[in-house]
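Inside the fold
Now for the letters of each chain:
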Amino acid sequence: MLGAFLTVNGDPMDYPESQTLPDKAKWQEATNVELKSCHDHEVWDWVDPEEVPEGAEIVSSRMVYTKKINKDNALNRYKARIVARDMFREINFNDTFSPTAHPVSVRALVSLSMIKGWSLKTSDVKTAYLNAVLDNTVYMHPPKGLGRGKKLLHLKKCLYGLKISAKRWHETVVANVKAFGMTAVTSDD
């Protein structure tokens, strides 16, 4: 009964709670998928606390659990994501800014594609931020229930929740698009 009280919309608040629920096997599978993705993308290295430089900032983290619902309002899948809790570190806004396409540019592209008979496609990059290299030193406590004793995580790639992640992901996309010989619309910078 306590587990039902702690959950939000039936979703667990952390890993230990996920293991007390009737659908714990589904939450464990979702957790394993997220951990494997982080491992495959080489997001972090485990380090002993003694390896962390004195004065280094260490952010906390948590697992965020969500039941994904499809368009028919039926349960589609269980999702787990490791999220850094970077809200207390002071970072210059210019170091985190990530531009978005201006609506006029999007309308112009759609109009041009209609005139030319081009087809437009959109895509979603799974684990997008995990593809972006972190260029500053960040240490993180592992999510509750998923640690290895007192070890910390030395992040090598971006995670959701880090203030710098959107900018690094944008820079990664721009570099890859430029590799194909394309250029950005300067009005959207």
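How each quantity is defined
Residues numbered from 1 in each chain as written. Predicted model: local features only at pLDDT ≥ 70, side-chain atom pairs only at ≥ 80, totals over all residues. Heavy atoms only, no water. Core = buried A, V, L, I, M, F, W, Y, C linked by side-chain atoms within 4.5 Å. Buried < 20%, exposed > 50% of the residue type's maximum accessible area, 1.4 Å probe, protein only. Helix = DSSP H or I, 4+ residues; strand = E, 2+ residues; numbered from the N terminus. Contact = heavy atoms within 4.5 Å. Pairing = 2+ DSSP bridges. Axes fitted to C-alpha atoms, helices over the stretch in contact; angles between N-to-C directions. Phe/Tyr/Trp six-rings, centres within 6.5 Å; stacked < 30°, edge-to-face > 60°. Expected span 1.5 Å × (residues − 1).

**Here's the deal with the nonpolar core**
Counting residues in hydrophobic clusters, the biggest one holds 30 residues, and the most contacted among them are M140, L155, L159 and L162. Breaking this core down by element, the ones donating at least two residues are α3 (24–40), β2 (58–69), β3 (75–85), β4 (133–140) and β5 (152–157). When sequence neighbours within four positions are dropped, the list of residues in contact with L159 reads C38, V43, I82, Y129, L130, M140 and S165.

**What about the sheet that holds β4?**
Reading across from one edge, β1-β5-β4-β2-β3 is the order of the five strands in this open sheet, with mixed pairing throughout. Of all strands in the sheet, those bounded by a partner on one side alone are β1 (44–47) and β3. Taking the axes of each pair of neighbouring strands and ignoring which way they run, one obtains an average angle of 30° across the sheet. Sheet topology note: the β1/β5 ladder contains four bridges and is antiparallel.

**Section: the environment of K24**
Mapped onto the fold, K24 is located in helix α3. Residue classification places K24 among the partly exposed positions, given a relative accessible area of 42%. Considering only alpha carbons, one finds K24 and P12, twelve residues apart in sequence, at a separation of 9.6 Å. Each residue touching K24, except ones within four places of it in the same chain, is listed here: S18 and Q19.

**A few points about the packing of aromatic side chains**
A full pass over the atoms with the stated rule returns three aromatic pairs. Centroid distance W27 to Y65: 5.3 Å. Interplanar angle 80°. Geometry classified as edge-to-face. Placement of W27 in helix α3 and of Y65 in strand β2 is noted, with a sequence separation of 38 residues between them. You'll find W27 and Y65 in the same group, each marked buried. Considering the side-chain rings of Y129 and Y160, the 4.5 Å spacing of their centres and the 20° angle between planes classify their relative orientation as stacked. Taken as a pair, Y129 in the loop between α4 (103–116) and β4 and Y160 in the loop between β5 and α5 (165–179) lie far apart in primary sequence, 31 residues in all. Of the two residues examined, Y129 and Y160, each falls in the buried class. Joined through ring pairs, the aromatic side chains of W27, Y65 and Y78 make up one cluster.

**Section: the pairing of β5**
The side chains of a regular strand alternate between the sheet's two faces. As paired strands, β4 and β5 are joined by four bridges and run antiparallel to one another. In the sheet register, V133 faces β5, and the bridge partner there is K157.

**Overview of α5**
Across its 15 residues, α5 extends 21 Å between first and last C-alpha, which sits within 8% of the 21 Å expected from 1.5 Å per residue. For α5, the complete set of buried residues consists of S165, K167 and R168.

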